[in-house]
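Structural characterization, general
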Amino acid sequence: NGEEPVTDLENLPQGTRELVLVVDSDPVLQQFLDLLERFQRDHEEPLLMLHTSDSLSLKGEELGPPTMPAFLAALPYMGKLNDLNLSTNRLGDEGAEALSGALAINSRLTSLDLSSNRIEKMGAQALAQALATNSHLLHLGLSFNKIEDEGAQAIATAIAG
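Residues numbered from 1 in each chain as written. Predicted model: local features only at pLDDT ≥ 70, side-chain atom pairs only at ≥ 80, totals over all residues. Heavy atoms only, no water.

Once that is clear, we can look at the sheet that holds strand 2 (residues 83-85). Spatial ordering of the open sheet is given by 1-2-3-4, a layout of 4 strands whose pairing is parallel. The open sheet has two edge strands with one neighbour each: strand 1 (55-57) and strand 4 (139-141). Taken pair by pair, the neighbouring strands of this sheet meet at an average axis angle of 0 degrees, ignoring direction. (Pairing = 2+ DSSP bridges. Helix = DSSP H or I, 4+ residues; strand = E, 2+ residues; numbered from the N terminus. Axes fitted to C-alpha atoms, helices over the stretch in contact; angles between N-to-C directions.)

We now examine the pattern of salt bridges. Pairing between side chains becomes possible if they bear opposite charge and their charged atoms approach one another. Per the counting criterion, the structure on display carries 1 salt bridge. Between Glu150 and Lys121 there is a salt bridge, and its shortest N-O distance comes to 3.2 Å. Within this pair, whereas Glu150 is found in helix 7 (residues 148-160), its partner Lys121 is found in helix 6 (residues 121-131), the two being separated by 29 residues in sequence. Given the relative accessible area of 28%, Lys121 is considered partly exposed. (Salt bridge = Lys/Arg side-chain N within 4 Å of Asp/Glu carboxyl O. Buried < 20%, exposed > 50% of the residue type's maximum accessible area, 1.4 Å probe, protein only.)

Before going further, it helps to examine the confidence of the model for the protein. Parts of the model with low pLDDT should not have their predicted coordinates read in detail. Of the residues in the protein, 68% have a pLDDT of 70 or more, and the chain-wide mean is 79. Within the protein, helix 1 (residues 14-25) has the poorest average pLDDT of any element, 47, and helix 6 the best, 97. When the criterion is pLDDT under 50, residues 14-23 qualifies, and its contacts beyond four places in sequence or with other chains add up to 10 contacts. (pLDDT = per-residue confidence, 0-100. Contact = heavy atoms within 4.5 Å.)

What follows is the structure, encoded as structure tokens:
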């Protein structure tokens, strides 16, 4: 549009000034906004799509542990989401543990792909704890992770309930 970005906070409207200060001072919120911006740029989809879509693929978007809290903060606002692909994101055990908290209370998600995420035994055990209370998830993809026998057993026990 040819306009220069406003850099002087004093010239911003009152509500906008506080929003800029909050975003600048909250690294998790900043990561979330960066993720949304990258998603919109890469997929050429409006951000509204995140709220209304029933399927979302963030495969290979590098949602490692530092970005996971930002994504999880947005998850409750994705009201119709039932199919989520987070494969190839290097989540590791830390990301799986963070995700397990959201899974424990999520009643919409029926399919979750966590393939190729460097999840090991501890992450699988955290996911198992979430699955013990989540009866809605019907498909969980964990291929190309190293969950070992103990992680697989924990998940099988949780599913058998």
